[in-house]
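# Chains, contacts and geometry: an overview
Each chain, letter by letter, is given below.
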Amino acid sequence: MRQSTGESHLITLLNPKSPISESYRKLRTNIQFSSLDTPMKVLMVASAQVDEGKTTTISNLAIAYAQEGKKVLLLDADLRKPSLHRVLSQNNRNGLTNILTDQIKWRDAIKSTEIENLSVLVAGPIPPNPSEILGNHRMNSLLEELKEQFDIVLIDTPPILAVTDSLIVSALCDGVIMVVSAGKVDKELVKKAKASLEHVNARIIGAVLNNINRKDIKSGFNYVYGVAE
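Remember, predicted model here, so these are calculated numbers, not experimental data. (Residues numbered from 1 in each chain as written. Predicted model: local features only at pLDDT ≥ 70, side-chain atom pairs only at ≥ 80, totals over all residues. Heavy atoms only, no water.)

Take the nonpolar core next. Core analysis: the biggest nonpolar cluster contains 39 residues, and Leu75, Leu96, Leu121, Leu146 and Ile155 have the highest contact counts within it. In terms of residue count, the dominant contributor to this core is helix α8 (residues 137–149) (four residues). Beyond its immediate chain neighbours, meaning those up to four positions away, Leu146 contacts Leu73, Leu75, Trp106, Ile110 and Val153. By size, the runner-up hydrophobic cluster in this structure holds 27 residues, among which are Val45, Tyr65, Leu88 and Leu118. (Core = buried A, V, L, I, M, F, W, Y, C linked by side-chain atoms within 4.5 Å. Buried < 20%, exposed > 50% of the residue type's maximum accessible area, 1.4 Å probe, protein only. Helix = DSSP H or I, 4+ residues; strand = E, 2+ residues; numbered from the N terminus. Contact = heavy atoms within 4.5 Å.)

Here the focus is helix α2 (residues 19–33). The end-to-end C-alpha distance of α2 is 21 Å, a good match for the 21 Å that 15 residues give at a rise of 1.5 Å each. Along α2, the residues that are buried comprise Ser21, Ser23, Tyr24, Leu27, Arg28 and Ile31. Axial view of α2: buried residues confined to an arc of 155°, hence all on one face. Opposite the buried face of α2, at more than 90 degrees from it, the exposed residues are Pro19 and Phe33. (Expected span 1.5 Å × (residues − 1). Arc of directions from axis to C-beta.)

Considering all chains together, one arrives at nine salt bridges under this definition. Between Arg28 and Glu68 there is a salt bridge, with the nearest N and O atoms lying 3.9 Å from each other. Placement of Arg28 in helix α2 and of Glu68 in the loop between α3 (54–67) and β2 (72–76) is noted, with a sequence separation of 40 residues between them. Under the relative-accessibility criterion, Arg28 is labelled buried at 11%. Given a relative accessible area of 35%, Glu68 falls into the partly exposed group. One salt bridge in this structure joins Lys54 and Asp156, with 2.8 Å as the shortest N-O distance. Here Lys54 is found in helix α3, whereas its partner Asp156 is found in strand β5 (residues 152–156), with 102 residues between them in sequence. (Salt bridge = Lys/Arg side-chain N within 4 Å of Asp/Glu carboxyl O.)

Before going further, it helps to examine the layout of surface pockets. Volume-wise, the largest pocket comes out at about 610 Å³. Lining the largest pocket are 30 residues, with Asp51, Lys54, Thr55, Lys81 and Ser83 sitting closest to its centre. Mapped by element, the contributors of at least two residues to the lining of the largest pocket are α3 and α4 (84–87). Split into classes, the residues belonging to the lining of the largest pocket amount to eight nonpolar, 13 polar and nine charged. (1 Å grid on protein atoms, 1.4 Å probe; cavity = no way out; pocket = protein on both sides within 12 Å on 5 of 7 lines; lining within 4 Å. Points joined across faces, edges and corners; volume = space filled by probe spheres on them. Nonpolar A, V, L, I, M, F, W, Y, C, P; charged D, E, K, R; others polar.)

Our focus in this paragraph is the pairing of β2. Across the five residues that make up β2, a large majority, five, are buried. Here β2 shows a buried face lined by Val72, Leu74 and Asp76 and a second buried face lined by Leu73 and Leu75. Sheet topology places β2 next to strand β4 (residues 118–121); four bridges connect them, and they run parallel. Bridging from a neighbouring strand, Val72 pairs with Leu118 of β4. Summarising the sheet, β2 and β5 pair through five bridges and their orientation is parallel. (Pairing = 2+ DSSP bridges.)

This part takes up the packing of α2 against α3. When two helices pack together, their arrangement is given by the angle between the helix axes and the distance between those axes. Interaxial distance between α2 and α3 falls to 9 Å at its minimum, and their mutual angle equals 75°. Classified by the angle their axes make, α2 and α3 are roughly perpendicular. On α3, the residues that touch Tyr24, Arg25, Leu27, Arg28, Ile31 and Gln32 of α2 are Thr56, Thr57, Asn60, Leu61, Ala64, Tyr65 and Gln67. In terms of residue class, the contact of α2 with α3 is made up of six nonpolar, five polar and two charged. (Axes fitted to C-alpha atoms, helices over the stretch in contact; angles between N-to-C directions. Parallel < 35°, antiparallel > 145°, perpendicular 65-115°, else oblique.)

You can see Leu43 is positioned in strand β1 (residues 42–47). Owing to a relative accessible area of 0%, Leu43 belongs among the buried residues under this scheme. Remark: the alpha-carbon pair of Leu43 and Ile155, spanning 112 residues in sequence, is separated by 6.1 Å. Once residues lying within four places of it in the same chain are set aside, the contact partners of Leu43 are Ile31, Tyr65, Ile152, Val153, Leu154, Ile155, Gly175 and Ile205.

Here it is, written out as structure tokens:
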């Protein structure tokens, strides 16, 4: 199979024995142990700003869950600059936007991937009003139905500080993981993003620190795990 640009970031698929792949498996385990009494089925992976590795993190985490035998759905709720369809080599013709505007049923929009146990719901056409569409009651109803069909639903969203979309979605999730690019994003921006999530009562599990030297992990932010790249 020809390796696409998106697939080249899927280290858990291409090199499952690598140290980075092991980091994603540890991330998966830490998430599972963070809530033993009430397993979290809908998780959002967020970042304060662009290019912090959010989509790479959520894609590899999804594969780590699928490799464990879990039935996984990757959902692209970035209705402004979607990217999961490129990562998983899918077309973006029909997706979340079409479902939330009653054009198609969700069962007709979800696509299987070449990765066993992993399905994807792409964003679909970019709408003129993403925040309004995501804030519609249909989004909450959709997630409730998807929870019945999948062991875990992982949601990708726009950066928190860019638009309100992520905050709207976070309130519907069981938990939120923040991805922070060490040495790139300003600490105050991370704090501002965290405060924004807390303002809408989102449940923040912790953070993934990207692009770090494990020997130098120093943070005032509770973290799930650090992924060195």
